[in-house]
Amino acid sequence: MPPSPSPAERVLVALDVPGLDEADALLGRVAGVLSGCKIGSQLFTAAGPAAIELARKRGFRVFLDLKFHDIPTTVAKAGVEAARLGVRFFDLHASGSLQMMTRTRAEVARVCRREGLRRPRILAVTVLTSLARRDLRLVGVDGDVEHQVVRLARLARRAEMDGVVASPLEIARIRRQAGPGFVIVTPGIRPPAAALDDQKRVLTPGEAMRAGADYLVVGRPIRDAPEPLAVAREVLADMARGLLTSRARPASP
């Protein structure tokens, strides 16, 4: 069994910036401490695949966070192109349907085998961390947020997704349902005393690790800090404390 990733390998710094210059500057400020990044809609729309190339040339693993949600054929083709770009992870919306997820998984696996590519891990987005129960009701989803997250996580597991993207508040229940091999990538991470901004379901890095997260996406607390490297180290220290506590805790019966 391969060794568990270190805290530094578990952090994906969010490159939510307007262009390549800003992305390069942020990567340069955390290089040597962090080794993974998330490229989302803002930067990808501004710079396209060049953003992925920049990050990979700097030695960063890339999570392409475009949350694909379309008809199955279109999403499957987008997933294939993500694999060809060399990303380590990409995501799609679990609410896009079981067929959309299974079609994408199968097509990406087929093309990666044929072309000798490393298959990226495919993650299913459950419920955005900016949404609360009232927001779900407005779009016709009854029940609480946690129930909807777990329902979508089960669907993703059935589709043989590699894991999910979910807020830290739902990690423990997903882990109980899905088991240890199911990857949980968690946005909505805020160091102690950090502002919440538009995030509604958040935990600290240490709390998320204690709950069972695999990877943490950290954006504004690092990006907007006067000293991003200092905040990155603070995040890693809190994660290490959380991991230590979780390992020392007796297993549940």
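Here, the structure is the one placed above.
Definitions and limits used
Residues numbered from 1 in each chain as written. Predicted model: local features only at pLDDT ≥ 70, side-chain atom pairs only at ≥ 80, totals over all residues. Heavy atoms only, no water. Pairing = 2+ DSSP bridges. Helix = DSSP H or I, 4+ residues; strand = E, 2+ residues; numbered from the N terminus. Axes fitted to C-alpha atoms, helices over the stretch in contact; angles between N-to-C directions. Buried < 20%, exposed > 50% of the residue type's maximum accessible area, 1.4 Å probe, protein only. Left-handed = near helix turned anticlockwise from the far one by under 90°. Contact = heavy atoms within 4.5 Å. Nonpolar A, V, L, I, M, F, W, Y, C, P; charged D, E, K, R; others polar. Arc of directions from axis to C-beta. Phe/Tyr/Trp six-rings, centres within 6.5 Å; stacked < 30°, edge-to-face > 60°. Salt bridge = Lys/Arg side-chain N within 4 Å of Asp/Glu carboxyl O. Right-handed = clockwise from strand over helix to strand, strands pointing away.

Asker: Give me the lowdown on the sheet that holds strand 6 (residues 163-165), citing residues and values where you can.
Answerer: Read around the closed barrel, eight strands run 1-2-3-4-5-6-7-8, paired in parallel fashion. Strand-to-strand twist of the sheet, defined as the mean angle between neighbouring strand axes without regard to direction, takes the value 25 degrees. The sheet contact formed by strand 6 and strand 7 (residues 183-186) spans three bridges and is parallel. Paired with Val 164 across the strands is Ile 184, a residue of strand 7.

Asker: Explain the side chain of Asp 162 residue by residue, including any values.
Answerer: Here Asp 162 shows up in the loop between helix 8 (145-158) and strand 6. Classification of Asp 162 by relative accessible area gives buried; the value is 18%.

Asker: I'd like to hear about the packing of helix 8 against helix 9 (residues 171-178), residue by residue, with values.
Answerer: Interaxial distance between helix 8 and helix 9 falls to 10 Å at its minimum, and their mutual angle equals 35 degrees. Once helix 8 is placed against helix 9, the crossing between them reads as right-handed. When helix 8 is examined against helix 9, the residues Glu 146, His 147, Val 149, Val 150, Ala 153, Arg 154 and Arg 157 are found in contact with a partner set consisting of Arg 173, Ile 174, Gln 177 and Ala 178. When the residues that make up the contact of helix 8 with helix 9 are grouped by side-chain class, the tally is five nonpolar, two polar and four charged.

Asker: Account for the environment of Val 218, with residues named and values stated.
Answerer: Among the secondary structure elements, Val 218 is positioned in strand 8 (residues 215-218). Spatially, the C-alpha atom of Val 218 lies 5.9 Å from that of Ile 189, the residues being 29 residues apart in sequence.

Asker: Any chance you could break down helix 4 (residues 49-57) for me, citing the residues and the numbers?
Answerer: Residues of helix 4 that are buried include every one of Ala 51, Ile 52, Leu 54 and Ala 55, and no others. One face of helix 4 carries all of its buried residues, which in axial projection span an arc of 160 degrees. The positive-phi residue at the C-terminal boundary of helix 4 is Gly 59, with phi of around 90 degrees.

Asker: Please provide a residue-by-residue account of the packing of aromatic side chains, values included.
Answerer: Throughout the structure, instances matching the rule amount to three aromatic pairs. Ring centres of Phe 89 and Tyr 215 lie 5.2 Å apart, and the angle between their planes is 70 degrees; on these two criteria the pair is classed as edge-to-face. On the criterion of sequence distance, the pair formed by Phe 89 in strand 4 (residues 89-93) and Tyr 215 in strand 8 is long-range, its members being 126 residues apart. Tyr 215 sits in the buried class, given a relative accessible area of 11%. In this structure an aromatic cluster arises from ring pairing among Phe 63, Phe 89 and Tyr 215.

Asker: Can you explain the pattern of salt bridges? Please cite residues and give values.
Answerer: With the rule as written, the count across this model stands at 13 salt bridges. Across the pair Arg 58 and Asp 24 runs a salt bridge, and its minimum N-O distance is 2.7 Å. Separated by 34 residues along the polypeptide, Arg 58 in the loop between helix 4 and strand 3 (61-68) and Asp 24 in helix 2 (residues 20-30) bring together distant segments of the chain. Given a relative accessible area of 38%, Arg 58 falls into the partly exposed group. One salt bridge connects Glu 53 with Lys 57, and the closest N-O pair in it is separated by 3.1 Å. Of this pair, Glu 53 and Lys 57 both sit in helix 4, four residues apart, which is roughly one turn of that helix. Among the residues examined, Glu 53 registers a relative accessible area of 43% and is labelled partly exposed. The network of salt bridges with common partners includes Asp 16, Lys 38, Asp 65 and Lys 67.

Asker: Could you give an account of the pairing of strand 5 (residues 121-125), naming the residues involved and the relevant values?
Answerer: The buried count for strand 5 comes to four of five residues, which makes it a mostly enclosed element. As defined by bridge partners, strand 4 adjoins strand 5 across five bridges and the pair is classed as parallel. Bridge pairing links Asp 91 to Leu 123 in strand 5. Running through helix 6 (residues 98-115), the crossover from strand 4 to the neighbouring parallel element strand 5 is right-handed. Inspection of the sheet shows strand 5 paired to strand 6 by three bridges, in the parallel sense.

Note that every value here comes from positions in space, so none of it alone points to a role or purpose.
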